[in-house]
Amino acid sequence: MSKQFESKKETVSFLNKSYDGNSPLISQRANYENLENQYKKLADRTKTLEQVYKFHKGIVQNISAGIITIDFNADITFINTSALLVAEYTFKELVNTPLKNLFVDKEEANVIIDALINKRSMFESKEVNLQTRTGKIIPIGFSSTFLKNQNSAYEGVIISFRDLTNLISFRTQIERMDRLATLGEVSAGIAHEIRNPLAGIKTSAQVLEESFGPGDFRAELVKRLVKEIDRSNELLKKFFNFARPGKPKFDYTQVEMLVDGVYLLLASKMKKKNIIFTKIFADDLPEVYVDENQIEQVLINLYMNAIDAMHDGGKLVVRTSQMEQKIKEDRQTMVRVDIEDSGFGIDTKNMERIFNPFFTTKSDGVGLGLSISSRLIEENGGKMEVQSTVGKGTKFSLYLPIQVK
Amino acid sequence: MDKRKRMLIVDDEETLTFSLYQSFIMEKRDYEVVTAATGEEASEKIAESPFDLVITDISMPGMSGLELLSKIKQTHPLTEVIIMTAYGSDDKKEESLARGARHYVEKPFEIKKIKQLVMEILQ
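Residues numbered from 1 in each chain as written. Chains lettered and ligands numbered in written order. Predicted model: local features only at pLDDT ≥ 70, side-chain atom pairs only at ≥ 80, totals over all residues. Heavy atoms only, no water.

S.K.: Requested: an account of the nonpolar core, with residues and values cited.
M.R.: Residue and element names in this part refer to chain A. Counting residues in hydrophobic clusters, the biggest one holds 38 residues, and the most contacted among them are Leu299, Tyr303, Leu316, Val337, Ile339 and Leu398. At the level of elements, helix H8 (255–272), strand E7 (275–280), strand E8 (288–290), helix H9 (292–309), strand E9 (314–327), strand E10 (330–341), helix H10 (369–379) and strand E12 (393–401) are the ones that each hand at least two residues to this core. Examining the composition of this core, we find that 7 residues originate from one element, H9, more than from any other. Ignoring anything within four residues of it in the chain, the contact list for Ile339 reads Leu299, Leu302, Tyr303, Leu316, Val317, Val318, Thr394, Lys395, Phe396 and Leu398. Ile70, Val86, Ile113 and Phe161 belong to the second-largest nonpolar core, a separate cluster that totals 29 residues. (Core = buried A, V, L, I, M, F, W, Y, C linked by side-chain atoms within 4.5 Å. Buried < 20%, exposed > 50% of the residue type's maximum accessible area, 1.4 Å probe, protein only. Helix = DSSP H or I, 4+ residues; strand = E, 2+ residues; numbered from the N terminus. Contact = heavy atoms within 4.5 Å.)

S.K.: If you had to explain the pattern of salt bridges to someone new, which residues and values would you point to?
M.R.: Counted according to the given criterion, the structure contains 24 salt bridges over all chains. The partner of Arg195 of chain A in a salt bridge is Glu106 of chain B, and the shortest N-O contact between them spans 2.9 Å. One end of the pair, Arg195 of chain A, is in helix H6 (residues 165–211); the other, Glu106 of chain B, is in strand E5 (residues 103–106), on a second chain. Among the salt bridges present, the one from Lys349 of chain A reaches Asp347 of chain A, with a minimum N-O distance of 3.6 Å. Because the salt bridges share partners, they merge into one network encompassing Lys202 and Asp230 of chain A together with Glu110 of chain B. (Salt bridge = Lys/Arg side-chain N within 4 Å of Asp/Glu carboxyl O.)

S.K.: Just give me the short version of the interface of chain B and chain A, but keep the residues and values in it.
M.R.: Counting from both sides, the interface comprises 21 residues of chain B and, opposite them, 21 residues of chain A. The contact between chain B and chain A buries some 1900 Å² in all, and 56% of this surface belongs to carbon and sulfur atoms. Of all residues in chain B, Ala86, Pro108 and Ile111 of chain B bury the most surface against chain A, accounting for 27% of the area lost on that side. In this structure, the connection of chain B to chain A is made through 3 salt bridges. The interface formed by chain B and chain A holds 9 residue pairs in polar contact (both at pLDDT 80 or more) in total. For the side of chain B that touches chain A, the element with the most residues is helix H1 (residues 14–27) of chain B, which contributes 7 residues. (Buried area = accessible area lost by both parts, 1.4 Å probe. Polar contact = N/O pair within 3.5 Å; in protein donor to acceptor, adjacent residues only side chain to side chain.)

S.K.: Kindly report on the sheet that holds strand E1 (residues 5–10) of chain B, identifying the contributing residues and their values.
M.R.: Residue and element names in this part refer to chain B. Spatially, E2-E1-E3-E4-E5 is the arrangement adopted by the 5 strands of the open sheet, whose pairing is parallel. The open sheet has two edge strands with one neighbour each: strand E2 (31–36) and E5. The mean angle between the axes of side-by-side strands here comes to 15°, regardless of whether they run parallel or antiparallel. As judged from the 5 bridges shared by strand E3 (residues 53–57) and strand E4 (residues 80–85), these two strands associate in the parallel manner. Of the residues in E4, the one forming a bridge with Leu53 is Glu80. (Pairing = 2+ DSSP bridges. Axes fitted to C-alpha atoms, helices over the stretch in contact; angles between N-to-C directions.)

S.K.: Provide a residue-level description of the pairing of strand E2 (residues 76–79) of chain A, including the pertinent values.
M.R.: Regular strands place side chains that alternate from one sheet face to the opposite one. Where strand E1 (residues 66–70) of chain A meets E2 of chain A, 3 bridges bridge the pair, whose relative direction is antiparallel. Within the sheet, the bridge partner assigned to Ile70 of chain A lies in E2 of chain A and is Ile76 of chain A.

S.K.: Can you lay out the confidence of the model for chain B for me, pointing to particular residues and giving the numbers?
M.R.: All names here are of chain B. Chain-level statistics for chain B give a pLDDT mean of 91 and a share of 97% at 70 or above. The element-level mean pLDDT for chain B is lowest in helix H4 (residues 91–98), coming to 87, with E3 highest at 97. Among the prediction metrics, the complex's ipTM stands at 0.86, with pTM recorded as 0.55. (pLDDT = per-residue confidence, 0-100.)

S.K.: Account for the sheet that holds strand E3 (residues 126–131) of chain A, naming residues and giving values.
M.R.: Residue and element names in this part refer to chain A. Taken together, the 5 strands give an open sheet; going across it, the order is E2-E1-E5-E4-E3, and neighbouring strands pair in antiparallel fashion. The sheet terminates laterally at E2 and E3, the two strands that pair on one side only. The sheet shows a mean angle of 35° between the axes of neighbouring strands, taken without regard to direction.

S.K.: Which residues make up the packing of H8 of chain A against H9 of chain A, and what values go with them?
M.R.: Residue and element names in this part refer to chain A. Interhelical geometry of H8 versus H9 gives an angle of 35° and a closest axis separation of 9 Å. Crossing geometry of H8 relative to H9 is assigned as right-handed. For the pair formed by H8 and H9, the contact residues are Met257, Leu258, Val259, Val262, Tyr263, Leu265, Leu266, Lys269 and Met270 on the first element and Glu292, Ile295, Glu296, Leu299, Ile300, Tyr303, Met304 and Ile307 on the second. Broken down by class, the residue content of the contact of H8 with H9 amounts to 14 nonpolar, no polar and 3 charged. (Left-handed = near helix turned anticlockwise from the far one by under 90°. Nonpolar A, V, L, I, M, F, W, Y, C, P; charged D, E, K, R; others polar.)

S.K.: Go over the environment of Arg29 of chain B, please, and point to the residues and values.
M.R.: Residues and elements named next belong to chain B. Looking at the element boundaries, Arg29 is found in the loop between H1 and E2. With 24 residues separating them along the chain, Arg29 and Lys5 place their C-alpha atoms 9.9 Å apart. Excluding its chain neighbours within four sequence positions, the residues that come into contact with Arg29 are Met119 and Gln123.

S.K.: Could you give an account of H8 of chain A, with specific residues and numbers?
M.R.: Residue and element names in this part refer to chain A. For H8, with 18 residues, the first-to-last C-alpha span of 26 Å sits near the 26 Å given by 1.5 Å per residue. Where H8 bends most, at Leu266, the angle is about 55°. Every buried residue of H8 is listed here: Val255, Glu256, Leu258, Val259, Val262, Leu266, Ala267 and Met270. Once H8 ends, the next one or two residues include Asn274, with phi positive near 60°. (Expected span 1.5 Å × (residues − 1). Bend = angle between axes of the 7 residues up to and from the residue.)

S.K.: Tell me about the environment of Ile76 of chain A, residues and numbers included.
M.R.: Inspection of the secondary structure assignment puts Ile76 of chain A in strand E2. Excluding residues that lie within four positions of it along the chain, Ile76 of chain A makes contacts with Ile68, Thr69, Ile70, Leu94, Val95, Asn96, Thr97, Leu99 and Leu102 of chain A.

S.K.: Break down H1 of chain B for me, citing the residues and quoting the values.
M.R.: Residue and element names in this part refer to chain B. Helix length check: H1, at 14 residues, gives a terminal C-alpha distance of 20 Å against a target of 20 Å (1.5 Å per residue), a fit within 8%. Leu16, Thr17, Ser19, Leu20, Ser23 and Phe24 are the residues of H1 that are buried. Remark: Lys28 follows H1 within two positions and exhibits a positive phi of approximately 55°.

Here it is as structure tokens:
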């Protein structure tokens, strides 16, 4: 009986101990709960960190600016997606390679890198040219800041940049327009001043001609004089066309009709030179709102240039389409007309000059066709672009408005 | 008896006024030809005695041909005006016709054309 009692007493005592927290079983359980809490906290913090990481990564990768970081050896340590898209490389191909490789002008690269790393200078909107994997030259504008580690010690440089291709093309277009407008005013002034005395000379010559009897050789001389005056006047008239094309008489018109009409005018010329004319018209193209005579004049100029650029025959393709375009800060739907030839192309060094009045590579050209055309397109609220590859051909693209502004 | 028809040629370009004058004189037709070098001079001559026809340039020092045209149309609505100009744009043409000009001629012109227009107006 007492043995039985003793045994029960032990059991009770064990159980009591088990409940007072000092027992191994209880402390194990507490530890477990503690660990679980810590784990939960850790998991939460990891999750938050992950969110913060994803957030920052998202910003760095999705931002439209290109971002490159370099170390103090000027080797690339990081490059974001936008930068990779511009450079046409993959991350692995560029990381740990010298930044200098991306510059077109290596001398300039040396100066810039020296300034960034040795002189600790910062750049703001500095314009340089970048060379892509495929050899394209992309103008960029970059700014730099220093990359610091946790202890605020310099670790390298952050370079952020923007592709300036569109901006520069817009800027050149504006400059071109300004230049043409100024030149236009000047040439109009000169043309007016020359035409006045020319009128006096011509009238005098014609009065003189009347005073000679028929068959008089002097009458013949005066006739030639008048002919030369008329020739000079024709040139001056072209000046006026360029300077003051006359206000466009806007109306709705089908661009297909203009394309066809000009083709009919020049069809025999094309046939003679073995040029195959193809037109590709988009379906449901809206009517354009332009001065049809002026646009016709532009098309004649462009067709003629194309014909002159194809000595041994070739192809002239005119294609129409519809697209969104930015005209003077305004986005609008426009009709695009591409006039593409398979001629000898335009030399890169002449590319910017082709719109300058009196610039010509033709032995019998005056050099006003493209400058007048570009001015007419501008007056009609449109825009003109050109792409050319020497030996392959040239494509002019006209963007024409479809609605009243 | 019909009064002799009168024509006034206005231009600061003396070679032109002189040659036009000679040309009309040579025709030996029965009308009087007078010249003026400025719009102001023309106004004075018109005030002295009216003309049947005035041929005027637009761009002149002082009063322009278009101003002269408006003035003539106010004071002598029966006087016909031919505008001649070395400008190459149609803007001036519309303005000239709107202000009452009978014809608009671009310089340099064919003498025959001017004579034909003059003949139509004076005969």
